[in-house]
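# Structural overview
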Amino acid sequence: MKQMIKIIRKVDIEKQYEQILRLELDYELASLYAAMQDKDEKEMEKSKKRLKEIQDELDSLHAYV
């Protein structure tokens, strides 16, 4: 029974983390858009790098599902 509770908690934590990552994804997309509007190459690269990191994290979460 304790093991089942641990599994359920882990799944809940992973779902919460995924939701946080999706919010970060939206924020970074908005940041990238703003940088593109301003033609700010440095900020565009920074946003693209963070978007790639978020994508990798989301992919790793889905690998365990």
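These notes cover the structure that comes with them. (Residues numbered from 1 in each chain as written. Predicted model: local features only at pLDDT ≥ 70, side-chain atom pairs only at ≥ 80, totals over all residues. Heavy atoms only, no water.)

What follows is about the pattern of salt bridges. On inspection of all chains with the given rule, the structure shows 6 salt bridges. As a salt-bridge pair, glutamate 18 and arginine 22 come within 3.0 Å of each other at their nearest N and O atoms. Of this pair, glutamate 18 and arginine 22 both sit in helix H1 (residues 2-38), 4 residues apart, which is roughly one turn of the helix. Looking at arginine 22, the relative accessible area reads 38%, which means it is partly exposed. One salt bridge in this structure joins arginine 50 and glutamate 24, with 2.5 Å as the shortest N-O distance. Here arginine 50, found in helix H2 (residues 41-63), pairs with glutamate 24, found in helix H1; they are 26 residues apart in sequence, far enough to count as distant. Beyond isolated ion pairs, a larger network of salt bridges with shared partners links Glu24, Arg50, Glu53 and Glu57. (Salt bridge = Lys/Arg side-chain N within 4 Å of Asp/Glu carboxyl O. Helix = DSSP H or I, 4+ residues; strand = E, 2+ residues; numbered from the N terminus. Buried < 20%, exposed > 50% of the residue type's maximum accessible area, 1.4 Å probe, protein only.)

Moving on to H1. In this model H1 runs 54 Å from its N-terminal to its C-terminal C-alpha over 37 residues, within 8% of the 54 Å that 1.5 Å per residue would give. All buried positions along H1 are accounted for by Glu18, Leu21, Glu28, Leu32 and Ala35. Positioned one or two residues after H1, lysine 39 has a phi angle of 55 degrees, which is positive. (Expected span 1.5 Å × (residues − 1).)

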